[in-house]
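The lines below spell out each chain.
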Amino acid sequence: MAKVTIVGAGNVGATAAHIIASKNLADVVLVDVAEGLPQGKALDMMHMRSVEKFTVNVTGTNDYEATKDSDVVVITAGIARKPGMTREDLLGVNAGIMSSVIDAALEASPNAVYICVTNPLDVMTYLAYKKSGLPTNRLMGMGGVLDSSRLSFAVCEKLGCMPEDVVAWALGAHGEGMVCWPRFTTVQGTPITELMSEDDVEAVVERTVKGGAEVVAHLKTGSAYYAPGASIAKMVEAILTDSKEVMSVCSYIDGQYGIDDLYMNIPTRLGKNGVEEIVEFDLTDEELAALRASAESVRAGLANLPE
Ligand code: PYR
(Lines give C-alpha, C1' and ligand atoms only; values in the text may rest on other atoms or scores of the structure.)
Protein backbone atom coordinates (compact mmCIF):
# COMPACT_ATOMS: atom_id res chain seq x y z
CA MET A 1 0.00 0.00 0.00
CA ALA A 2 1.26 3.47 -0.86
CA LYS A 3 1.98 5.87 2.01
CA VAL A 4 1.10 9.56 2.06
CA THR A 5 2.27 11.92 4.80
CA ILE A 6 0.33 15.10 5.42
CA VAL A 7 2.22 17.68 7.45
CA GLY A 8 -0.24 19.92 9.28
CA ALA A 9 -3.40 18.43 10.80
CA GLY A 10 -5.44 21.62 10.46
CA ASN A 11 -8.54 21.89 8.30
CA VAL A 12 -6.79 21.58 4.93
CA GLY A 13 -4.53 18.69 5.97
CA ALA A 14 -7.30 16.76 7.71
CA THR A 15 -9.74 17.24 4.81
CA ALA A 16 -7.13 15.98 2.35
CA ALA A 17 -6.47 12.99 4.62
CA HIS A 18 -10.17 12.22 4.78
CA ILE A 19 -10.61 12.30 1.00
CA ILE A 20 -7.44 10.27 0.32
CA ALA A 21 -8.59 7.65 2.84
CA SER A 22 -12.17 7.59 1.53
CA LYS A 23 -10.84 6.85 -1.94
CA ASN A 24 -8.64 4.07 -0.48
CA LEU A 25 -5.65 5.64 -2.22
CA ALA A 26 -2.98 5.19 0.45
CA ASP A 27 -2.23 4.81 4.14
CA VAL A 28 -2.14 8.33 5.53
CA VAL A 29 0.10 9.69 8.28
CA LEU A 30 -1.00 13.02 9.71
CA VAL A 31 1.83 14.85 11.47
CA ASP A 32 1.56 18.07 13.45
CA VAL A 33 3.41 19.86 16.26
CA ALA A 34 0.17 20.16 18.30
CA GLU A 35 0.03 17.23 20.70
CA GLY A 36 -3.15 15.18 20.34
CA LEU A 37 -4.48 16.99 17.27
CA PRO A 38 -3.23 14.57 14.60
CA GLN A 39 -3.87 11.56 16.86
CA GLY A 40 -7.45 12.64 17.57
CA LYS A 41 -8.32 13.43 13.97
CA ALA A 42 -6.71 10.20 12.72
CA LEU A 43 -8.65 8.12 15.24
CA ASP A 44 -11.85 9.92 14.30
CA MET A 45 -11.23 9.01 10.64
CA MET A 46 -10.52 5.39 11.58
CA HIS A 47 -13.89 5.34 13.36
CA MET A 48 -15.39 6.23 9.99
CA ARG A 49 -13.82 3.29 8.14
CA SER A 50 -16.73 0.90 8.41
CA VAL A 51 -19.19 3.61 7.40
CA GLU A 52 -17.21 4.72 4.36
CA LYS A 53 -15.86 1.22 3.66
CA PHE A 54 -12.21 2.08 3.24
CA THR A 55 -9.39 -0.22 4.33
CA VAL A 56 -6.36 2.07 4.45
CA ASN A 57 -4.99 3.25 7.80
CA VAL A 58 -4.90 6.83 9.02
CA THR A 59 -2.47 7.49 11.87
CA GLY A 60 -1.62 10.68 13.74
CA THR A 61 1.77 11.58 15.17
CA ASN A 62 3.99 14.42 16.41
CA ASP A 63 7.08 12.56 15.25
CA TYR A 64 8.51 12.30 11.73
CA GLU A 65 9.75 8.75 12.41
CA ALA A 66 6.25 7.46 11.60
CA THR A 67 6.34 9.27 8.24
CA LYS A 68 9.43 7.34 7.08
CA ASP A 69 9.59 6.29 3.43
CA SER A 70 6.40 7.99 2.32
CA ASP A 71 5.61 7.98 -1.41
CA VAL A 72 4.05 11.45 -1.30
CA VAL A 73 4.48 14.19 1.33
CA VAL A 74 1.96 17.05 1.41
CA ILE A 75 2.95 20.15 3.38
CA THR A 76 -0.01 22.17 4.64
CA ALA A 77 1.62 23.49 7.84
CA GLY A 78 1.34 27.22 8.44
CA ILE A 79 -1.13 29.90 9.42
CA ALA A 80 -4.17 30.71 7.28
CA ARG A 81 -5.36 34.17 6.35
CA LYS A 82 -8.18 36.09 8.02
CA PRO A 83 -10.55 38.63 6.42
CA GLY A 84 -8.69 41.57 4.89
CA MET A 85 -5.40 39.66 4.52
CA THR A 86 -3.79 38.57 1.27
CA ARG A 87 -1.91 35.28 1.03
CA GLU A 88 1.29 37.35 0.81
CA ASP A 89 0.67 38.70 4.36
CA LEU A 90 1.45 35.18 5.66
CA LEU A 91 4.95 35.08 4.21
CA GLY A 92 7.05 35.95 7.28
CA VAL A 93 5.53 33.38 9.66
CA ASN A 94 5.01 30.63 7.12
CA ALA A 95 8.54 30.86 5.65
CA GLY A 96 9.95 29.82 9.04
CA ILE A 97 7.49 26.94 9.34
CA MET A 98 8.16 25.72 5.79
CA SER A 99 11.93 25.79 6.32
CA SER A 100 11.83 23.57 9.39
CA VAL A 101 9.16 21.20 8.04
CA ILE A 102 10.90 20.51 4.73
CA ASP A 103 14.14 19.51 6.50
CA ALA A 104 12.40 17.10 8.88
CA ALA A 105 10.16 15.58 6.20
CA LEU A 106 13.02 15.12 3.76
CA GLU A 107 15.19 13.32 6.30
CA ALA A 108 12.43 10.73 6.79
CA SER A 109 11.33 10.47 3.13
CA PRO A 110 14.19 11.39 0.79
CA ASN A 111 12.57 9.72 -2.23
CA ALA A 112 9.03 11.07 -1.94
CA VAL A 113 7.18 13.42 -4.27
CA TYR A 114 6.50 16.65 -2.34
CA ILE A 115 3.39 18.82 -2.69
CA CYS A 116 3.48 22.23 -0.94
CA VAL A 117 0.19 23.85 0.01
CA THR A 118 1.28 26.49 2.55
CA ASN A 119 0.61 30.10 1.47
CA PRO A 120 1.77 32.26 -0.21
CA LEU A 121 1.90 29.13 -2.33
CA ASP A 122 4.23 29.99 -5.19
CA VAL A 123 6.80 31.63 -2.90
CA MET A 124 6.65 28.82 -0.33
CA THR A 125 7.13 26.19 -3.02
CA TYR A 126 10.17 28.05 -4.34
CA LEU A 127 11.53 28.30 -0.79
CA ALA A 128 11.06 24.55 -0.31
CA TYR A 129 12.90 23.99 -3.62
CA LYS A 130 15.86 26.12 -2.53
CA LYS A 131 15.99 24.60 0.96
CA SER A 132 15.59 20.96 -0.09
CA GLY A 133 17.61 20.67 -3.29
CA LEU A 134 14.92 18.24 -4.49
CA PRO A 135 14.80 17.58 -8.23
CA THR A 136 12.07 19.78 -9.68
CA ASN A 137 9.97 16.81 -10.84
CA ARG A 138 9.59 15.73 -7.20
CA LEU A 139 8.55 19.11 -5.83
CA MET A 140 5.38 20.97 -6.74
CA GLY A 141 2.62 23.07 -5.21
CA MET A 142 -1.18 22.82 -5.10
CA GLY A 143 -2.95 25.99 -6.20
CA GLY A 144 -3.98 25.72 -9.83
CA VAL A 145 -6.24 22.68 -9.39
CA LEU A 146 -8.17 24.64 -6.75
CA ASP A 147 -8.28 27.84 -8.82
CA SER A 148 -9.40 25.93 -11.93
CA SER A 149 -12.11 24.22 -9.90
CA ARG A 150 -13.32 27.63 -8.71
CA LEU A 151 -13.38 28.79 -12.34
CA SER A 152 -15.40 25.70 -13.26
CA PHE A 153 -17.85 26.52 -10.46
CA ALA A 154 -18.22 30.13 -11.63
CA VAL A 155 -18.86 28.93 -15.20
CA CYS A 156 -21.48 26.42 -13.98
CA GLU A 157 -23.20 29.14 -11.94
CA LYS A 158 -23.26 31.51 -14.90
CA LEU A 159 -24.37 29.02 -17.57
CA GLY A 160 -26.30 26.51 -15.49
CA CYS A 161 -24.16 23.68 -16.82
CA MET A 162 -22.82 20.53 -15.14
CA PRO A 163 -19.27 20.34 -13.70
CA GLU A 164 -18.44 17.21 -15.68
CA ASP A 165 -18.98 19.14 -18.92
CA VAL A 166 -16.53 21.91 -17.99
CA VAL A 167 -12.77 22.00 -18.56
CA ALA A 168 -11.37 25.08 -16.82
CA TRP A 169 -7.91 26.62 -16.75
CA ALA A 170 -6.73 29.03 -14.05
CA LEU A 171 -2.97 29.53 -13.90
CA GLY A 172 -0.10 31.71 -12.84
CA ALA A 173 0.15 33.04 -9.31
CA HIS A 174 -2.08 31.49 -6.64
CA GLY A 175 -2.90 35.02 -5.54
CA GLU A 176 -4.05 38.37 -6.82
CA GLY A 177 -1.94 37.94 -9.97
CA MET A 178 -3.83 34.79 -11.06
CA VAL A 179 -4.76 34.47 -14.74
CA CYS A 180 -7.55 32.51 -16.39
CA TRP A 181 -7.57 31.18 -19.95
CA PRO A 182 -11.19 31.64 -21.18
CA ARG A 183 -10.27 30.50 -24.71
CA PHE A 184 -9.26 27.09 -23.31
CA THR A 185 -12.07 26.95 -20.76
CA THR A 186 -14.82 24.94 -22.39
CA VAL A 187 -18.29 23.53 -21.87
CA GLN A 188 -18.66 20.27 -23.84
CA GLY A 189 -15.72 21.44 -25.95
CA THR A 190 -17.03 24.94 -26.74
CA PRO A 191 -14.92 27.83 -25.37
CA ILE A 192 -16.77 30.02 -22.87
CA THR A 193 -15.81 33.01 -25.02
CA GLU A 194 -18.45 31.69 -27.49
CA LEU A 195 -21.04 30.98 -24.78
CA MET A 196 -21.13 34.24 -22.85
CA SER A 197 -20.55 37.96 -23.31
CA GLU A 198 -17.17 39.57 -22.67
CA ASP A 199 -18.61 41.13 -19.51
CA ASP A 200 -19.76 37.73 -18.26
CA VAL A 201 -16.35 36.19 -18.97
CA GLU A 202 -14.80 39.03 -16.98
CA ALA A 203 -17.23 38.44 -14.10
CA VAL A 204 -16.51 34.72 -14.06
CA VAL A 205 -12.75 35.37 -14.00
CA GLU A 206 -13.17 37.96 -11.22
CA ARG A 207 -15.19 35.48 -9.14
CA THR A 208 -12.41 32.92 -9.59
CA VAL A 209 -9.57 35.23 -8.58
CA LYS A 210 -11.55 36.39 -5.53
CA GLY A 211 -12.88 32.88 -4.72
CA GLY A 212 -10.57 32.23 -1.79
CA ALA A 213 -11.20 35.69 -0.30
CA GLU A 214 -14.97 35.17 -0.70
CA VAL A 215 -14.73 32.06 1.51
CA VAL A 216 -12.51 33.85 4.05
CA ALA A 217 -15.04 36.72 4.26
CA HIS A 218 -17.78 34.22 5.16
CA LEU A 219 -15.77 32.11 7.58
CA LYS A 220 -14.03 35.06 9.29
CA THR A 221 -11.78 32.74 11.32
CA GLY A 222 -9.77 31.10 8.54
CA SER A 223 -9.67 30.10 4.90
CA ALA A 224 -11.11 27.43 2.63
CA TYR A 225 -10.44 23.74 3.18
CA TYR A 226 -12.97 21.48 1.43
CA ALA A 227 -11.95 22.48 -2.10
CA PRO A 228 -8.22 22.70 -1.20
CA GLY A 229 -8.40 19.24 0.43
CA ALA A 230 -10.13 17.74 -2.62
CA SER A 231 -7.59 19.39 -4.93
CA ILE A 232 -4.69 17.87 -2.97
CA ALA A 233 -6.35 14.45 -3.17
CA LYS A 234 -6.76 14.81 -6.94
CA MET A 235 -3.02 15.49 -7.37
CA VAL A 236 -2.06 12.64 -5.02
CA GLU A 237 -4.31 10.28 -6.98
CA ALA A 238 -2.75 11.32 -10.31
CA ILE A 239 0.74 10.64 -8.91
CA LEU A 240 -0.05 7.34 -7.20
CA THR A 241 -2.01 5.95 -10.15
CA ASP A 242 0.46 7.34 -12.71
CA SER A 243 -2.54 8.85 -14.53
CA LYS A 244 -0.50 11.25 -16.73
CA GLU A 245 -3.40 13.72 -16.49
CA VAL A 246 -2.62 17.36 -17.32
CA MET A 247 -3.74 19.90 -14.73
CA SER A 248 -2.78 23.32 -13.42
CA VAL A 249 0.07 22.67 -10.97
CA CYS A 250 2.55 24.97 -9.29
CA SER A 251 5.60 23.58 -11.11
CA TYR A 252 9.14 24.74 -11.69
CA ILE A 253 9.31 26.74 -14.90
CA ASP A 254 12.60 26.66 -16.70
CA GLY A 255 12.20 28.59 -19.93
CA GLN A 256 8.68 27.44 -20.87
CA TYR A 257 6.41 30.31 -21.94
CA GLY A 258 9.57 32.49 -21.83
CA ILE A 259 9.61 32.34 -18.01
CA ASP A 260 12.68 31.29 -16.04
CA ASP A 261 13.52 29.95 -12.59
CA LEU A 262 10.13 30.29 -10.94
CA TYR A 263 7.42 28.16 -9.33
CA MET A 264 3.94 29.04 -10.60
CA ASN A 265 0.77 27.24 -11.77
CA ILE A 266 1.24 25.95 -15.27
CA PRO A 267 -0.29 23.06 -17.27
CA THR A 268 1.54 20.01 -15.94
CA ARG A 269 1.36 16.29 -16.65
CA LEU A 270 1.39 14.33 -13.38
CA GLY A 271 2.47 10.74 -12.99
CA LYS A 272 4.52 8.42 -10.82
CA ASN A 273 7.61 10.62 -11.20
CA GLY A 274 5.68 13.67 -10.05
CA VAL A 275 5.94 16.33 -12.75
CA GLU A 276 6.26 14.35 -15.98
CA GLU A 277 6.03 17.30 -18.37
CA ILE A 278 5.24 21.01 -18.50
CA VAL A 279 2.69 21.35 -21.29
CA GLU A 280 2.93 24.41 -23.51
CA PHE A 281 -0.39 25.72 -24.87
CA ASP A 282 -0.39 27.79 -28.04
CA LEU A 283 -1.05 31.24 -26.56
CA THR A 284 -1.78 34.57 -28.21
CA ASP A 285 0.63 37.45 -27.52
CA GLU A 286 -1.92 38.90 -25.11
CA GLU A 287 -2.31 35.63 -23.16
CA LEU A 288 1.45 35.22 -23.01
CA ALA A 289 1.89 38.77 -21.72
CA ALA A 290 -0.70 38.15 -18.99
CA LEU A 291 1.07 34.94 -17.90
CA ARG A 292 4.42 36.71 -17.80
CA ALA A 293 2.90 39.57 -15.75
CA SER A 294 1.62 36.94 -13.34
CA ALA A 295 5.15 35.52 -13.13
CA GLU A 296 6.42 38.98 -12.23
CA SER A 297 3.88 39.19 -9.38
CA VAL A 298 5.34 35.94 -7.99
CA ARG A 299 8.88 37.26 -8.42
CA ALA A 300 7.93 40.37 -6.41
CA GLY A 301 6.88 38.04 -3.56
CA LEU A 302 10.17 36.15 -3.74
CA ALA A 303 12.00 39.41 -3.08
CA ASN A 304 10.29 39.52 0.35
CA LEU A 305 11.63 36.14 1.47
CA PRO A 306 13.78 36.41 4.59
CA GLU A 307 17.49 35.69 3.93
C1 PYR B 1 -7.42 29.35 -0.96
O2 PYR B 1 -8.51 29.10 -0.46
O3 PYR B 1 -7.30 29.76 -2.13
C4 PYR B 1 -6.23 29.14 -0.21
O5 PYR B 1 -5.17 29.53 -0.66
C6 PYR B 1 -6.33 28.45 1.07
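Residues numbered from 1 in each chain as written. Predicted model: local features only at pLDDT ≥ 70, side-chain atom pairs only at ≥ 80, totals over all residues. Heavy atoms only, no water.

Student: Sorry if this is basic, but what is going on with the UniProt feature "domain: Lactate/malate dehydrogenase C-terminal" (unreviewed entry) in the protein here?
Tutor: Mapped onto this structure's residue numbering, the UniProt feature "domain: Lactate/malate dehydrogenase C-terminal" (unreviewed entry) falls at residues 146-300. The annotated region residues 146-300 carries 43% helix and 23% strand content, and the separation between its end C-alpha atoms amounts to 23 Å. (UniProt positions renumbered as here; feature names shortened; annotations may be inferred. Helix = DSSP H or I, 4+ residues; strand = E, 2+ residues; numbered from the N terminus.)

Student: Any chance you could explain the domain arrangement of the protein here in plain terms?
Tutor: Quoted interface sizes are often the accessible area lost when the parts come together. The domain architecture assigned to the protein consists of domain 1 (3-141) and domain 2 (144-302). Here the C-alpha centre of domain 2 lies 22 Å away from the C-alpha centre of domain 1. At the interface, 37 residues of domain 1 touch 42 residues of domain 2. Summing both partners gives a buried area of about 3300 Å² for domain 1 against domain 2, and 70% of it is carried by carbon and sulfur. Contact with domain 2 buries area across many residues of domain 1, yet Arg87, Asp122 and Tyr126 alone supply 19% of it, more than any other trio. Viewed at the interface, domain 2 and domain 1 are joined by 1 salt bridge. Linking glutamate 237 and lysine 23 is a salt bridge whose minimum nitrogen-to-oxygen distance equals 3.0 Å. At the boundary of domain 1 and domain 2, one finds 8 residue pairs in polar contact (both at pLDDT 80 or more). Contributions of two or more residues to the side of domain 1 that touches domain 2 are made by helix 1 (11-22), strand 4 (72-75), strand 5 (113-116), helix 5 (121-132) and strand 6 (139-141). (Domains from an automatic or database assignment. Contact = heavy atoms within 4.5 Å. Buried area = accessible area lost by both parts, 1.4 Å probe. Salt bridge = Lys/Arg side-chain N within 4 Å of Asp/Glu carboxyl O. Polar contact = N/O pair within 3.5 Å; in protein donor to acceptor, adjacent residues only side chain to side chain.)

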